[in-house]
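What follows is the residue order along each chain.
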Amino acid sequence: MAGKLIICPTPIGNLGDMTERALEALRSADVVCAEDTRVTGKLLAAYRIEKRLERLDEALIGDRTAALLDRVTAGEVIAYCSDAGMPGVSDPGLRLVRAAREADVPVEVLPGATAVATAYVASGSANPRFYFGGFFPRKDAERRATVEGLRALDATLLFYESPNRLVSALDVLADVLPHREIAVCRELTKLHEEVVRGPLPAVRDTFAARVEQGGGVKGEIVLVIDGPSEAEGAAATEDSQASARERAAELKAAGARKKDIARAIAEEFGIARNAAYDIALKA
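A brief structural summary. The model shown is predicted, which means the values in this text are computed figures rather than measured ones.

## Structural notes on the environment of Ala 174
Now for step 1: By secondary structure assignment, the location of Ala 174 is in helix H7 (residues 166-176).
Now for step 2: Beyond its immediate chain neighbours, meaning those up to four positions away, Ala 174 contacts Leu 200, Pro 201 and Arg 204.

Following this line, the structure appears as structure tokens:
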């Protein structure tokens, strides 16, 4: 058999989601490379597959990829598994595939479970487009910058998040996007699967209360944030108008003429000239 690299998806929680093609790939491979050999070893044991395992995580993939691809070129069939789900989606598998493509090494990518698509559908989002941002940033300033940069995008926003950082992440989201709804999808496909959906401030309060009561939050989490809504647009317009009125009052107090006030706030706040003149007249 000619050598090739097989990207082999594994279940995100429910063992029954393993596909027949993925199982056959694992059985036929010469070796299985894994993000965590302990995790993949349990999967192989569950299906009674005896195969040599090699660790290939974020720390090792940069140093070992070239040699691994040389082995494929020499005729070895190597399967790669991440801890769960589709390799390459927010894990080192993406670097491995890119290197293989650049080296013209045969790559077969098998379809399978992914938490992103599962959460997007489970959320009930009405937007036909979605943007996946990988893991949500750890620091509040980076989180805020990320959300501000995406707030105008007409798409549902999806991020992975740690249960330990969930409440602080929701704090930032509720502050920046208070008029949007979110679905917090937790432990998808597992026994304690949960999808909590509602306005961002309310969902934030729900999980904050759990933590305060000592229950904590556990499991793998996907945040699914609805795209821009009419309510958000109306609120943004009102905020802009309020700021324009404040600025008009400042300019009037400084002695500016009405037409100059109207011109200034139209340029500064992007308000139509007629609306800006109305504000200037009422200042």
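Read on, since the account is not over.
## With respect to the packing of helix H10 (residues 258-269) against helix H11 (residues 273-282)
Now for step 1: Following both chains from N to C, one finds H10 and H11 inclined at 130 degrees, their axes separated by 8 Å at the closest point. Between H10 and H11, the interaxial angle falls into the category oblique. Handedness of the H10/H11 crossing: right-handed. Here Lys 258, Lys 259, Ile 261, Ala 262, Ile 265 and Ala 266 of H10 come into contact with H11, specifically with Ala 276, Tyr 277, Ile 279, Ala 280 and Leu 281.
Now for step 2: Of the residues belonging to the contact of H10 with H11, the class tally is 9 nonpolar, no polar and 2 charged.

## Overview of the sheet that holds strand S10 (residues 221-225)
Now for step 1: With mixed pairing, 5 strands are arranged side by side in an open sheet as S6-S7-S10-S8-S9. Only two strands of the sheet have a single partner each, and these edge strands are strand S6 (130-135) and strand S9 (194-199). Across the sheet, the mean angle from the axis of one strand to that of its neighbour is 15 degrees, orientation sign disregarded.
Now for step 2: Taken together, the 5 bridges between strand S7 (residues 156-161) and S10 define a ladder with antiparallel strand orientation. The residue of S10 that forms the bridge with Glu 161 is Ile 221.
Now for step 3: Contacting S7, strand S8 (181-186) and S10, H7 crosses the sheet at an angle of about 10 degrees to S10.
Now for step 4: Packed onto the sheet, helix H8 (residues 200-212) meets S8, S9 and S10 and runs at close to 130 degrees relative to S9.

What counts, and where the lines are drawn
Residues numbered from 1 in each chain as written. Predicted model: local features only at pLDDT ≥ 70, side-chain atom pairs only at ≥ 80, totals over all residues. Heavy atoms only, no water. Helix = DSSP H or I, 4+ residues; strand = E, 2+ residues; numbered from the N terminus. Contact = heavy atoms within 4.5 Å. Axes fitted to C-alpha atoms, helices over the stretch in contact; angles between N-to-C directions. Parallel < 35°, antiparallel > 145°, perpendicular 65-115°, else oblique. Left-handed = near helix turned anticlockwise from the far one by under 90°. Nonpolar A, V, L, I, M, F, W, Y, C, P; charged D, E, K, R; others polar. Pairing = 2+ DSSP bridges.

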